[in-house]
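Single-letter residue listing:
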Amino acid sequence: MPHAGYRRPGHFVGDLGLVTEVLSPGKAVVRMQVSPEVTAGDGGVRAGVLATMVDVVGGMAALRMVGSDWLATADLTLQVVQPLTGPVVEARGTVVRKGHTTLVLEAAVYDAAPGVPATGADRAPTPGAWATMTFAILPGRRRRSTVDVPNGLPDRWRVDGRGFDRPIIDALSITVTDAAGGVVSMPVDEYLHNSVGAVQGGAMAVLGEAAGAAALGAAGGGPEPVVRDLCLTYLALGRVGPMVSRASVLQPPDGSSGGRALVELFDNGAEDRLTTLIQVGAERAGV
């Protein structure tokens with residue numbers, strides 16, 4: 001779960017070029033310029049990248065509601081209903097419930113124009129994706145963060161980075177070793193860390209997307225389908241690496257369907273600890 005510490009250089013969230021604004025406690029927006037390096041076979045932004053945006057906007061919307069407490073992402077569900085092609089993509093997050101131990105947020109993701117909010121007074125756009133998140137509230141743990149945030153959290157900040165000169169899958173050094181088994185690996189270093197020194201949840205989403213697409217593509221005997229749905233359950237932090245996936249095809253590709261798969265992510269350097277479960281739904285590109 002990220003916050004303003006991502007302003008440091010050399011981080012994949014920075015290379016996405018996110019601009020985040022807190023509208024009020026419990027509401028935030030994040031915008032990203034679309035580039036070919038973050039898109040899938042249908043020309044829309046990859047589901048794993050959209051999940052990263054949702055994770056960031058969710059954290060920014062929620063942090064001002066928990067005082068000195070800290071948050072850990074428990075689950076994130078994303079459904080992409082149409083390709084989001086930009087030129088700017090905007091995610092808006094709203095806290096819908098806060099309890100003593102959990103906080104629930106919903107987010108809608110839109111296409112937008114540069115410098116123009118997707119949800120201005122004269123527009124009522126249809127979201128291209130919907131998401132929900134659940135955070136676990138960790139009492140009094142903010143002091144354990146590895147990030148120094150002077151004077152609290154800013155209302156608006158830009159995550160400056162170098163951008164990508166290659167597809168994000170390559171930038172994260174994600175490698176497919178067994179497509180049929182959905183076995184994909186990703187090394188762990190500071191480029192992927194969140195504010196507590198573990199792999200950022202969005203990076204896990206990108207890895208899970210790649211693993212699910214590889215397994216479904218192999219099962220269908222054709223090109224990798226486009227991932228439309230991600231349902232992530234975070235069980236443990238990934239700290240050592242490499243992160244390694246294993247996928248099971250639940251519904252093989254059939255006709256226009258890209259199928260469904262279950263992906264498990266393990267921390268190979270931490271005795272193959274299971275860190276994340278991901279349900280992946282896909283459709284064939286161009287359908």
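Whatever comes next refers back to the structure up there.
Quick look at the structure, then. Numbers given for residues are sequential positions, taken from 1 along each chain in its written order. Reporting in this predicted model follows two pLDDT cut-offs: at least 70 for local features of residues, and 80 or more for side-chain atom pairs to be given and counted; totals over whole chains, interfaces and linings ignore these cut-offs and use all residues. Excluded from the side-chain calculations are hydrogens and water; all other atoms, namely the structure's heavy atoms, are used.

1. What about the overall build of the chain?
Item 1. Strands here are runs of E lasting at least two residues and helices are runs of H or I lasting at least four, both read from the DSSP assignment and numbered beginning at the N terminus. When helices and strands are counted, the chain shows four helices and 13 strands.
Item 2. Whether a residue is buried, partly exposed or exposed follows from its accessible area with a 1.4 Å probe, protein chains only, as a fraction of its type maximum: under 20%, in between, or over 50%, in that order. Taking all 287 residues of the chain together, the buried fraction comes to 52%.
Item 3. Put simply, 74% of the contacts in the chain that link residues at least 6 apart link residues at least 24 apart.
Item 4. Accessible surface is estimated by sampling points in the Shrake-Rupley manner with a 1.4 Å probe; for residues, cover comes only from the protein chains shown. By element, 49% of the accessible surface of the chain is carried by carbon and sulfur atoms, the whole surface being about 11800 Å². We call two residues in contact whenever any of their non-hydrogen atoms come within 4.5 Å of each other.

2. Side note on the side chain of Arg31
Item 1. The residue Arg31 is located in strand E2 (residues 27–33) in this model.
Item 2. Whenever two N or O atoms come within 3.5 Å, that pair is a polar contact, provided that in protein one can donate a hydrogen and the other can accept it, and provided that, for residues adjacent in sequence, both atoms are side-chain atoms. At 2.9 Å, the side chain of Arg31 forms a polar contact with the side chain of Glu90.

3. Some thoughts on the pattern of salt bridges
Item 1. The salt bridge criterion pairs a side-chain nitrogen of Lys or Arg with a carboxyl oxygen of Asp or Glu, the two atoms within 4 Å. Tallied over the full model, the rule gives nine salt bridges.
Item 2. Between Arg92 and Glu90 there is a salt bridge; the shortest N-O distance is 2.8 Å.
Item 3. Exposure remark for Glu90: the relative accessible area of 0% places this residue in the buried category.
Item 4. Note that Arg260 is salt-bridged to Asp229, the shortest N-O span being 3.5 Å. Of this pair, Arg260 sits in strand E12 (residues 257–267) while Asp229 sits in strand E10 (residues 226–234), and the two are 31 residues apart along the sequence.
Item 5. Each of Glu21, Arg31, Glu90 and Arg92 takes part in a single network of salt bridges with overlapping partners.

4. Digging into empty space enclosed by the protein
Item 1. Method remark: on a 1 Å grid restricted to protein atoms, a set of points is classed as a cavity if a 1.4 Å probe fits but cannot get out and as a pocket if it is open with protein on both sides within 12 Å along at least five of seven lines; lining residues have an atom within 4 Å of a point. Grid points are joined across faces, edges and corners, and a volume is the space filled by probe spheres set on the points. As enumerated under the stated definition, the model contains two cavities of 30 Å³ or more in all.
Item 2. Taken as a whole, the largest cavity spans an internal volume of roughly 60 Å³.
Item 3. Asp42, Val45, Val226, Val227 and Arg228 are, among the 13 residues lining the largest cavity, the residues nearest its centre.
Item 4. Taken as a whole, the second largest cavity spans an internal volume of roughly 30 Å³.

5. Focus: the environment of Gly128
Item 1. Mapped onto the secondary structure, Gly128 falls in the loop between strand E5 (102–112) and strand E6 (129–138).
Item 2. Sequence spacing of Gly128 and Thr85 is 43 residues, and the spatial spacing of their C-alpha atoms is 9.6 Å.

6. Focus: unusual backbone geometry
Item 1. The omega torsion across Gly86 and Pro87 is 20°, close enough to zero to call that bond cis.
Item 2. Secondary-structure assignment places Pro87 in the loop between strand E3 (70–80) and strand E4 (88–98).
Item 3. Following Gly241, the chain continues to Pro242 via a peptide bond in cis, the omega torsion being 0°.
Item 4. Mapping Pro242 onto the fold places it in the loop between E10 and strand E11 (243–251).
Item 5. The phi angle at Asp272 is positive, at roughly 55°, despite the residue not being glycine.
Item 6. Assignment of secondary structure puts Asp272 in the loop between E12 and strand E13 (273–283).

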